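# A look at the structure
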Amino acid sequence: MKKTILSIALAVAMMACKTNEPTTPEQPGTPALSEKVISFEKAKLDENNVMFNAPYSEDILSFSNHFDSEYLYWEDFAISAVYDDTTAGFMNMYGSISASAYEGNNFAVVFQGYYGLPTISAKQDFQPQSLYINNSTYCYLDLLNGSDYSKKFEAGDYFYITATGYANDSTETGRADFYLADFRDGKSDIVRNWTKLDLTPLGTCRYIKFSFTSTDMGEFGMNTPAYAIIDKLTIKY
């Protein structure tokens, strides 16, 4: 009984000492960033399963689009659900060579034209995490077989897309390359499956600009069709 009373007394004393210990205010921590996925499923597609005549916005991001109504010409980004993986040529610029989106129904077509680089802009700073990328049918079949305007790829050739991040003051924050075709060092690879591209090297940015590089060059610039398709863009902010 005495041992029990003594144990209780010691416990109460320890609690009292602990209560009287000086405390330090909690330091405010960095709030956890939320992860968001841009799926392109909100786009309103036309009867041909495309949207090519207006910018697309989802969450905090906006995808640039230059459209000329007189010539029905567009560049930068279009949204598509065209799964034609067999028809060659310019008229199938919206097709997916894997005959699908990565997830869901829609994906984005990236096209580098004449008025500037395809640009994703944000309402605030964000951290790109990854996206899934693939060749369009138009580009894939040109790389594989050649056309009247571009060559069939052979040893030493390559074609890649670069995603470059920029801060709000236009300083570069980082970049990531992805080879859509690679015939260097004995390879003969042309991408035809959705593949994950790590975007974390871009760091924290406000914009992402896309550009293409090819070994097939002509008098007026790159002969390879400057197209790719992307889906499931994951960001944090």
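Scroll up to find the structure this text is about.
Below, the structure is looked at part by part. Numbers given to residues run from 1 along each chain, matching the order in which its sequence is written. The model is predicted, so local features are restricted to residues of pLDDT at least 70 and side-chain atom pairs to those at 80 or more, both for listing and for counting; the totals for chains, interfaces and linings are taken over all residues. By convention in this description, side-chain values take in all heavy atoms of the structure and omit both hydrogens and water.

## Details of the pairing of strand E5 (residues 65–68)
Pairs of strands are assigned from DSSP output, requiring at least two bridges between the strands. Here a helix means four or more residues in a row that DSSP labels H or I, a strand means two or more in a row labelled E, and each is numbered from the N terminus. Pairing between E5 and strand E6 (residues 73–80): 4 bridges, direction antiparallel. Looking across to E6, one finds that histidine 66 is bridged to glutamate 75. Taking the residues that link successive antiparallel strands as the turn, the E5-E6 hairpin has 4 residues, and the phi of leucine 72 there is positive, at about 55 degrees.

## Examining the pattern of salt bridges
By salt bridge we mean one thing: a side-chain nitrogen of Lys or Arg within 4 Å of a carboxyl oxygen of Asp or Glu. According to the stated counting rule, one finds 7 salt bridges in the structure shown. Close ionic contact of glutamate 103 with lysine 232 constitutes a salt bridge, the shortest N to O distance being 3.6 Å. Here lysine 232 lies in strand E16 (residues 227–236) and glutamate 103 lies in the loop between E6 and strand E7 (107–111), a separation of 129 residues in the sequence. Note on classification: 1.4 Å probe, protein chains only; a residue is buried when its accessible area is under 20% of the maximum for its type, exposed when over 50%, partly exposed between these limits. Glutamate 103 sits in the partly exposed class, given a relative accessible area of 41%. The closest approach of N and O atoms between arginine 184 and aspartate 182, which form a salt bridge, is 2.8 Å. What makes arginine 184 partly exposed here is its relative accessible area of 27%. Exposure remark for aspartate 182: the relative accessible area of 9% places this residue in the buried category.

## Some words on the side chain of serine 150
In this structure, serine 150 sits in the loop between helix H2 (137–145) and strand E9 (158–166). Given the relative accessible area of 8%, serine 150 is considered buried. A polar contact of 2.8 Å, which involves the side chain of serine 150, links it to the side chain of aspartate 142. Any two residues whose heavy atoms approach within 4.5 Å are treated as being in contact. Apart from the residues lying within four places of it in its own chain, the contact partners of serine 150 are Asp142, Asp216, Asn223, Thr224 and Pro225. Whenever two N or O atoms come within 3.5 Å, that pair is a polar contact, provided that in protein one can donate a hydrogen and the other can accept it, and provided that, for residues adjacent in sequence, both atoms are side-chain atoms.

## Concerning the packing of aromatic side chains
Aromatic pairing here means that ring centres of Phe, Tyr or Trp (its six-membered ring) are within 6.5 Å. Orientation follows from the plane angle: under 30 degrees is stacked, over 60 is edge-to-face, and everything else is tilted. Scanning the model with the defined rule gives 22 aromatic pairs in all. The interplanar angle of 65 degrees and the centroid separation of 5.2 Å between the aromatic rings of phenylalanine 40 and phenylalanine 63 together place this pair among those described as edge-to-face. In this pair, phenylalanine 40 sits in the loop between strand E1 (35–38) and strand E2 (50–51) while phenylalanine 63 sits in strand E4 (residues 61–63), placing the two residues 23 residues apart along the sequence. Note on phenylalanine 40: relative accessible area 0%, which makes it buried. With 5.9 Å between their ring centres and 20 degrees between their planes, tryptophan 74 and tyrosine 94 make a pair best called stacked. Of this pair, tryptophan 74 sits in strand E6 while tyrosine 94 is found in the loop between E6 and E7, placing the two residues 20 residues apart along the sequence. Each member of the pair, tryptophan 74 as well as tyrosine 94, carries the same accessibility label: buried. Among the aromatic side chains, those forming a connected cluster through ring pairs are Phe52, Phe67, Tyr73, Trp74, Phe90, Tyr94, Phe111, Tyr114, Tyr115, Tyr138 and Tyr227. Seen from the ring of tyrosine 158, arginine 184 lies directly overhead, with NZ or CZ sitting 5.8 Å from the centre. We call a charge positioned above a ring when the Lys NZ or Arg CZ atom is no farther than 6 Å from the ring centre and deviates by at most 35 degrees from the ring normal.

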